[in-house]
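Take a look at the letters that make up each chain.
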Amino acid sequence: MNYRLFGCKKFIRLSSEQADRTLTEREDRFLSRHREVCVDCRKAEVTTSCALNMLRMATLEPEEAPMFEDRVIRKLKVQQVRESLNYWSPALVGAGIACGVIFVTLHLASVPIQTKRAILHAGQAKREAPSRIEPKLEIDRVPVLR
Amino acid sequence: MTYPIGAEAAAQERQWVGRCRVGDENALGCLIARHRNRLIRTATNLLRDRHEAEDVAQEAFLKAFREIAKLRDDRAFSGYLYRICVRLCMDRLRLKRAELVEFDSAQPHCGGNVENRVVIEKLLSQLPAELRTTLVLREMEQLSYEEVAEVMQVPIGTVRSRLHTARERFRKLWIEAVGE
């Protein structure tokens, strides 16, 4: 019959901790006593040990990464430039807009008067454009009844 | 956590960190050269992908160097760097877990049993990121409980319980995969 004994949980915990610290004599005695009587725990211990061994064996060693230092330093420089641009960009945009406004103002201020007149004439010319010709009623042609 | 390096090397590292703060490129290169292998190795074992591990290592270096001015203790650089790397790996694992896990058969493996590696990778992919990281750091990277706790920024008790759970779940998955 397959049955669980008291202390199986404790056994599993201690069995796991065994790999990380030195157990006390009492804990050690408990483990060996329990191991003798509990088949399931014995099996579990063996399986855990096997699985963890496989895990350790599957450790990957890194490959040689050529020019790793150079790449990191280059990226760091790019990042610094980008960050400084991000920091100064609102100021740069503001300065750009201000320059644009000043340029447009100066340009408008320096436009000669003649050009303004020309603009006026053009307006007038538009207003002076021939208006729609009203249809004339030819009253003379209406026959007079006597 | 600090790497097991001698007093002289530690002093040298402190110097390099100090020089990095003022933008010395040679010091940057020296720090990268010292830590890159370990960083890539840990990332490779956590992510099980060499190319991704290299990306993560690069990202960790960039992040660490960007924040180096804020580092209060120059001696803490290696631990800080390692913590960043592990956290980046965990973030990627969380994202990956949501996706369909596929094994990249084209990825070259040097030595060891390829079938075993495939099985291990599949089993690891079924563990949550926290358990997987704890297990890999302890079993593959051979870090102590204290080191794992510091890297993952959790109490030692949490590491102990996570490790216990991870081992149990890994054992169950192993039994399912290979049979008793």
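Coordinates for the structure precede this section.
Values in this document were obtained by computation on a predicted structure and should not be read as measured data. (Residues numbered from 1 in each chain as written. Chains lettered and ligands numbered in written order. Predicted model: local features only at pLDDT ≥ 70, side-chain atom pairs only at ≥ 80, totals over all residues. Heavy atoms only, no water.)

Side note on the overall build of chain B
Here's step 1: For chain B, the count of helices and strands is 8 helices and 0 strands.
Here's step 2: Helices and strands in chain B line up, N terminus first, as α-α-α-α-α-α-α-α.
Here's step 3: When each of the 180 residues of chain B is scored for burial, the buried share is 52%.
Here's step 4: Long-range contacts, defined as pairs at least 24 residues apart, comprise 67% of the intrachain contacts of chain B with a sequence gap of at least 6.
Here's step 5: When the accessible surface of chain B is split by element, carbon and sulfur atoms take 48% of a total near 8600 Å². (Helix = DSSP H or I, 4+ residues; strand = E, 2+ residues; numbered from the N terminus. Buried < 20%, exposed > 50% of the residue type's maximum accessible area, 1.4 Å probe, protein only. Contact = heavy atoms within 4.5 Å. Areas by Shrake-Rupley, 256 points an atom, 1.4 Å probe, with all protein chains shown as cover.)

Focus on the environment of B:Gly29
Here's step 1: With respect to the element layout, B:Gly29 can be found in helix H2 (residues 25-47).
Here's step 2: Residue classification places B:Gly29 among the buried residues on the basis of a relative accessible area of 17%.
Here's step 3: Once the C-alpha coordinates of B:Gly29 and B:Trp16 are considered, the two residues, 13 residues apart in sequence, prove to be 9.3 Å apart.
Here's step 4: Each residue touching B:Gly29, except ones within four places of it in the same chain, is listed here: A:Glu69 and A:Ile73.

Remarks on the state of the cysteines
Here's step 1: Tallied over the full model, the rule gives 0 disulfides over all chains.
Here's step 2: Not engaged in a disulfide, the cysteine A:Cys38 finds its nearest cysteine sulfur in A:Cys41; these two sulfurs lie 3.5 Å apart. (Disulfide = S-S within 2.5 Å.)

Some thoughts on helix H3 (residues 50-66) of chain B
Residues and elements named next belong to chain B.
Here's step 1: Taking 1.5 Å per residue, 17 residues should reach 24 Å; H3 reaches 24 Å between its end C-alpha atoms and fits that length.
Here's step 2: By the criterion of burial, H3 is predominantly enclosed, with 12 of the 17 residues buried.
Here's step 3: All of the buried residues in H3 are Arg50, Glu52, Ala53, Glu54, Val56, Ala57, Gln58, Ala60, Phe61, Leu62, Ala64 and Phe65.
Here's step 4: Two or three places before His51, at the opening of H3, Asp49 has a side-chain oxygen 3.0 Å from that residue's backbone nitrogen. (Expected span 1.5 Å × (residues − 1). Polar contact = N/O pair within 3.5 Å; in protein donor to acceptor, adjacent residues only side chain to side chain.)

Let's talk about the interface of chain B and chain A
A common way to report how large an interface is uses the accessible area buried once the components associate.
Here's step 1: On the chain A side, the residues contacting the 42 residues of chain B number 35 residues.
Here's step 2: Linking chain B with chain A are 14 residue pairs in polar contact (both at pLDDT 80 or more), by the criterion used here.
Here's step 3: At the level of secondary structure, the elements contributing two or more residues to the side of chain B that touches chain A comprise H2, H3, helix H5 (114-125), helix H6 (129-140) and helix H8 (156-178) of chain B.
Here's step 4: Looking at the side of chain B that touches chain A, the element that brings in the most residues is H2(B), giving 11 residues.
Here's step 5: Considered class by class, the residues forming the side of chain B that touches chain A number 18 nonpolar, 9 polar and 15 charged. (Nonpolar A, V, L, I, M, F, W, Y, C, P; charged D, E, K, R; others polar.)

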